Amino acid sequence: MANEATLALNNYSAENIQVLEGLEAVRKRPAMYIGDTGFKGLHHLIWEVVDNSIDEAMAGYCDTIHVIIEEDESITVRDNGRGIPTGIHTKEKRSALEVVMTVLHAGGKFDKDTYKVSGGLHGVGVSCVNALSVDLRAEVHREGQVFEQEYKKGIPQYPVRAIGDASDTGTFIHFKPDDSIFTVTEFKYETVATRLRELSFLNKKLRLTLTDMRDLDDEGKPKYDEFYSEGGLVEFVTYLDNTRQPLIPEPIHMDSDKGAVPVEVSMMYNTSYSENVVSYVNNINTIEGGTHVSGFRAALTRTLKSYADKSGILAKEKVEVSGDDFREGLTAVISVKVQEPQFEGQTKTKLGNSDVAGAVSQVVSEMLDNYLNEHPKEARTIVDKVLLAAKARIAARKAREMVQRKNVLTGTGLPGKLADCSETDPKQCELYLVEGDSAGGTAKQGRNRAFQAILPLRGKILNVEKAQEYRIYENEEIKNMFTAMGVQIGMVDDERALNIEKLRYHKIIIMTDADIDGSHIRTLILTFFFRYMKVLIEMGYIYIAQPPLYLIKKGKEERYCWDEAQREAAVLELGNGREESVNTQRYKGLGEMNAEQLWQTTMNPEHRSLKQVSIESAAEADHLFSMLMGDEVAPRREFIEKNAKYARVDV
Ligand code: 0RA
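Residues numbered from 1 in each chain as written. Predicted model: local features only at pLDDT ≥ 70, side-chain atom pairs only at ≥ 80, totals over all residues. Heavy atoms only, no water.

### Some points on the UniProt feature "site: Interaction with DNA" (unreviewed entry) in the protein
Then step 1. The feature "site: Interaction with DNA" (unreviewed entry), as given by UniProt, occupies Lys460 and Asn463 in the numbering adopted here.
Then step 2. When you line up the elements, Lys460 lands in the loop between β20 (452-457) and α14 (469-472).
Then step 3. When sequence neighbours within four positions are dropped, the list of residues in contact with Lys460 reads Asp517, His520, Ile521 and Leu524.
Then step 4. When you line up the elements, Asn463 lands in the loop between β20 and α14.
Then step 5. Sequence-distant contacts of Asn463, defined by excluding residues within four places in its chain, comprise Leu524 and Met629. (UniProt positions renumbered as here; feature names shortened; annotations may be inferred. Helix = DSSP H or I, 4+ residues; strand = E, 2+ residues; numbered from the N terminus. Contact = heavy atoms within 4.5 Å.)

Below you can see the structure in the form of structure tokens.
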């Protein structure tokens, strides 16, 4: 880098020194700009480039965006917008294209009229992608001509040049991430597809395509998907709820771009007990919610309550209805566009702008009130559901108070089954959630008691997808998890919130058998974390232990293997490739290992491999869990059949 920078400096003017310093800052501290240099950061490069095209689409000039994963793990993004301007930028004295590609945050600066609101979570612009790519080529079709410029690690290789005629307009960016910066270099099709699907719902009538040149079929055709939504958020909630039973025939849609903040909300009621509100600011998923979600909730409660009051239903029933009750069985998508979003919270995905609450609340109050008045039958169904929820909630509160009071009475409040560790700094502490008392016993013997705690879970834990909230407080295994972890569910501003101030472990490791039952139990536990402790997943505290699948032995030599490739390598090494000359043990359960083996293979931080659970897309995860654990059998069967050969579900 230093060499290239000096070389290029010779023929660059003073302004460009700043540019090089900017690009160098990105290369020195990439994580500051794109979050991390692993899987997430790598994919962030695509989002950053696609975001620029989405801006062009939101401005009304682009209706198609193509994304191609090339065979060599480089990426092409192409749109049919106006094309990045190529003329000389008056202040910078060089092509605007070069400025956009090399100056941090230069994205749409010189076009005040462009309504620039998109931008990835970090919103750093395409120049960061350029700085972190060994090669990048930009091609612009504009004003009848084709222009191009190429860069290496962000440094232009020649001035922008015209190379031919064009009859269309658009921007084409092809980049190859620098593998000396990224620890992961392989793009994952499903991750890109999920995000493009989400973007198509959030930006109706925009066509997004994905092509994977690494994955050709028998006829040489690459894997391909097209994402297009005519109805936008209405189709999004319908998609999210397609595994649940609807309570009303159609989603309720609310939309307004009259005010300072464009607001779009689509909501549906189903017969389940869970609340699923997915929210976005400038196409970014706000996992922790924020002012737009508060505004929505306030308006929902106020409007439904006032309708129920007016219709006299509430007076008849003597239950005290709270905000939560209006959201049982609710699936909603909220999308707002905010000029200068402020993100706060534990994971910087909580909208802080206070004026947005009022804007959302106004739109929702007005349009929901209209809906209720025009649809008396549906309105009645919703209010009845709310009343049922209120009654169940009162039962839940009693159950919850019982649990929490009991903890106070027993002093430390720790469950008897927990074998705690001696270390008290949560950052150093690990909690293993282990399937079954017998494996739990082995883990207790094998662990390092200084920093590893063991909580055995007996058999199947409650399926929270099908249970009302109060039932989780009656479930022994779930209660034990709450108390062992030191977290509590309480109400903050009329919202159910998880208090993690006293969280006792920063690694919570799910350890189950490597068979069907084990994977079912793992999914049950993950569903519980997803529905009730999502923030722990978001903080990166939840892990899955990876016990080995095989032990290959010959004489005194032993090799543990975690996959088929390792098994073959071990057979080659110990048995010269002959299966019959080695002893192969296939581990089905943790119980087949003794304490020492379990420690060496699965618990010892020096040898073990842990899989960190992350939520790539909250909407997609909701869809997955409701399908895997919900009532409808058909979609689940279809999913399992489709994914059978992978026999693994990534969440
Ligand atoms: C600045 C100004 C204009 C368009 C763009 C940027 C633009 C950027 C990107 C990035 C990817 N695709 C893009 N398409 C357009 C407007 C220029 C005009 O007035 O014609």
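### Some words on the site of the ligand
Then step 1. Near the ligand, the surroundings consist of 12 residues, among which Asn52, Glu56, Asp79, Arg82 and Arg142 are the closest.
Then step 2. Within the contact set of the ligand, a nitrogen atom lies 3.4 Å away from a side-chain nitrogen or oxygen of Thr171.
Then step 3. Protein burial of the ligand: of its 460 Å² of free accessible surface, 82% is covered by the chains.
Then step 4. Looking at the shell around the ligand, the element that brings in the most residues is helix α4 (residues 39-58), giving 3 residues.
Then step 5. For the shell around the ligand, the residue count by class is 3 nonpolar, 4 polar and 5 charged. (Near = heavy atom within 4 Å. Polar contact = N/O pair within 3.5 Å; in protein donor to acceptor, adjacent residues only side chain to side chain. Areas by Shrake-Rupley, 256 points an atom, 1.4 Å probe, with all protein chains shown as cover. Nonpolar A, V, L, I, M, F, W, Y, C, P; charged D, E, K, R; others polar.)

### What to know about the packing of helix α9 (residues 291-310) against helix α11 (residues 355-374)
Then step 1. Between α9 and α11, the shortest axis-to-axis distance is 7 Å and the interhelical angle comes to 30 degrees. In terms of their interaxial angle, α9 and α11 are classed as roughly parallel. The element α9 and its partner α11 pack so that their crossing is right-handed. On the side of α9, the interface is formed by Thr291, His292, Gly295, Phe296, Ala299, Leu300, Arg302, Thr303, Leu304, Tyr307 and Lys310, while α11 contributes Val356, Ala357, Val360, Ser361, Val364, Ser365, Leu368, Asp369, Leu372 and Asn373.
Then step 2. Residue classes in the contact of α9 with α11 are distributed as 11 nonpolar, 7 polar and 3 charged. (Axes fitted to C-alpha atoms, helices over the stretch in contact; angles between N-to-C directions. Parallel < 35°, antiparallel > 145°, perpendicular 65-115°, else oblique. Left-handed = near helix turned anticlockwise from the far one by under 90°.)

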